[in-house]
Amino acid sequence: MADVHEHYVIQPFPEQRGHGLRLRSWNAESDVDAAAWLRGLSDPEFQRWNTPLRMIRDIDGARESLRARAEAAMDGSGVSFCVTDADTGELLGHIGVNEIDHVMGCARVGYWVLPEARGRQVATRSLLLAARFAFTDLGLHRLELGHALGHDASCHIAERCGFRYEGTLRGAMFEAGRHDAFRDVHLHGRIAADAEPVVP
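Along every chain, residues carry numbers that run from 1 in the direction the sequence is written. Since the coordinates come from a predicted model, pLDDT governs what is reported: local features require at least 70, and pairs of side-chain atoms require 80 or more to be given and counted, while whole-chain, interface and lining totals use all residues. Remark: hydrogens and water are excluded; side-chain values derive from all non-hydrogen atoms of the structure.

### Let's talk about unusual backbone geometry
In most cases, non-glycine residues show a negative phi, while peptide bonds are predominantly trans. Unusually for a residue other than glycine, His19 sits at a positive phi of about 55°. Along the chain, the position of His19 falls in the loop between strand 1 (16-18) and strand 2 (21-25). Relative accessible area decides the class of each residue, using a 1.4 Å probe on protein chains only: under 20% of the type maximum gives buried, over 50% gives exposed, and in between gives partly exposed. Taking relative accessible area as the criterion, His19 reaches 28% and is therefore assigned partly exposed. We note that Glu99 has phi near 50°; this positive angle belongs to a residue other than glycine. Secondary structure is summarised from DSSP: a helix means a run of H or I of at least four residues, a strand means a run of E of at least two, and numbering begins at the N terminus for each. For Glu99, the location among the structural elements is in strand 4 (residues 91-101). Residue class for Glu99 comes out exposed when judged on its relative accessible area of 60%.

### Description of the nonpolar core
To define a nonpolar core, start from buried Ala, Val, Leu, Ile, Met, Phe, Trp, Tyr and Cys residues and group those joined through side-chain atoms within 4.5 Å. The biggest cluster of nonpolar side chains holds 34 residues, and the ones touching the most others in it are Ile95, Val97, Leu127, Leu138, Leu140, Leu143 and Phe163. Among the secondary structure elements, those contributing two or more residues to this core are strand 2, strand 3 (79-85), strand 4, strand 5 (106-113), helix 4 (122-136), strand 6 (142-148) and helix 5 (152-160). Here this core gets ten residues from one element, more than from any other, and that element is helix 4. Contacts were defined at the residue level, with two residues in contact if any of their heavy atoms lie within 4.5 Å. If sequence neighbours within four positions are ignored, Leu140 has contacts with Val97, Ile100, Gly105, Cys106, Ala107, Ala134, Phe135 and Ala192.

### A word on the packing of helix 1 (residues 31-42) against helix 3 (residues 59-75)
One can describe the packing of helix 1 onto helix 3 by two numbers: an axis separation of 9 Å at closest approach and a directional angle of 100°. Taken together, helix 1 and helix 3 sit at an angle that is classed as roughly perpendicular. The residues of helix 3 that touch helix 1, namely those facing Asp31, Asp33, Ala34, Ala35, Trp37 and Leu38, are Ile59, Ala62, Arg63, Ser65, Leu66 and Arg69. Polar here means any residue outside two lists: the nonpolar Ala, Val, Leu, Ile, Met, Phe, Trp, Tyr, Cys and Pro, and the charged Asp, Glu, Lys and Arg; Gly therefore counts as polar. Broken down by class, the residue content of the contact of helix 1 with helix 3 amounts to seven nonpolar, one polar and four charged. Axis definition: a line fitted to C-alpha atoms, over the contacting stretch in the case of helices. Angles run 0 to 180 degrees between N-to-C directions. Oblique is the label for any angle not covered by the other classes, which are roughly parallel (under 35 degrees), roughly antiparallel (over 145) and roughly perpendicular (65 to 115).

### Quick look at the environment of Glu159
Here Glu159 is to be found in helix 5. Taking the relative accessible area as the measure of exposure, Glu159 reaches 45% and is therefore partly exposed. With 115 residues separating them along the chain, Glu159 and Pro44 place their C-alpha atoms 24 Å apart.

### Quick notes on helix 4
With 15 residues, helix 4 should cover 21 Å at 1.5 Å per step; its first-to-last C-alpha distance of 21 Å lies within 8% of that length. Counting buried positions over the 15 residues of helix 4 gives 13, a clear majority of the element. Helix span is expected to be 1.5 Å times the residue number reduced by one.

### A look at the confidence of the model for the protein
Confidence scores here are pLDDT values: one per residue, from the predictor, ranging 0 to 100. Per-residue pLDDT for the protein has a mean of 93; in total, 94% of the residues score no lower than 70. Taken as a whole, residues 1-10 scores under 50 in pLDDT and shows 13 contacts with residues more than four places along the chain or in a different chain.

### Focus: the side chain of Arg190
Inspection of the secondary structure puts Arg190 in strand 8 (residues 182-191). Judged by relative accessible area, Arg190 falls into the buried class, the value being 1%. A distance of 3.0 Å separates a polar atom in the side chain of Arg190 from the backbone oxygen of Cys161. In protein, a polar contact requires one atom able to donate a hydrogen and another able to accept it; more generally it is a pair of N or O atoms within 3.5 Å, and residues adjacent in sequence count only if both atoms are side-chain atoms.

### With respect to the pairing of strand 2
Summarising burial for strand 2: four of the five residues are buried, a large majority. With three bridges joining them, strand 1 and strand 2 adopt antiparallel strand pairing. Paired with Gly18 across the strands is Leu21, a residue of strand 2. Connecting the antiparallel pair strand 1 and strand 2 is a turn made up of two residues, with His19 showing a positive phi of about 55°. Of the strand pairs in this sheet, strand 2 and strand 3 are connected by five bridges, and their pairing is antiparallel. Within strand 3, the position partnered with Arg22 by the bridge is Thr84. Strand pairing is defined by DSSP finding a minimum of two bridges between the two strands.

So, in C-alpha cells, the structure goes:
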C-alpha cells in the first residue's frame, strides 16, 4: 500500500543547479527538512521582516506547511525550493515562486536564508536560479519581489538580480508580528525580456 504522504515528496519540477547551489523540493516527511523549515520561519531576522498569515510554532505545523507547499506545486500555483550547497548538500535556505498567475504570466518570489548560511550570497545565487527557472521552465513573463521598507539587504539582492525598483506600495504588508497593522513595501520587478544579470 502506498504511503498516505507519498504525494508530498513527489518532485513535480526538475531540480535546478547552478552558482554552486542545488534547488530541490522540500520533503514534508523528512525530519531534517521539517526542522530546517521551522528554524527558518522562527528566526528573529525572518520574523522582523515577514509576518505569515499563519505562524509556524512546532514541527507538526512545519510539516503541515510543507505539505501545503507541495499541494501548491501539484496544482501549479506555487513552487518551493529547498536551497542546498551543490557539493556538500548542506541545507541553506528557501526560495519560492509564489502566487503564480498563468493567465498573466506573472508570480511573486520570496526567500529566506538560515543564519549560519548568511554572508555567502545564498539569496542572490538562489534568486538568479529561481528567476531563470520561472522564465524558462514555467514560461512566465513577469516576476515581482516585495520587501518591507527599510529591509536594505533585500533591496540590494533584488537589484543585483535584475529586479528593478518600481515604487513603494503603501500599507501593503503586515507589521512585524501583527495582523492588525500595516507597513509599506518596496516593489521590484523583472520581466523575461530584461537582460540576464551578471553572475556575482
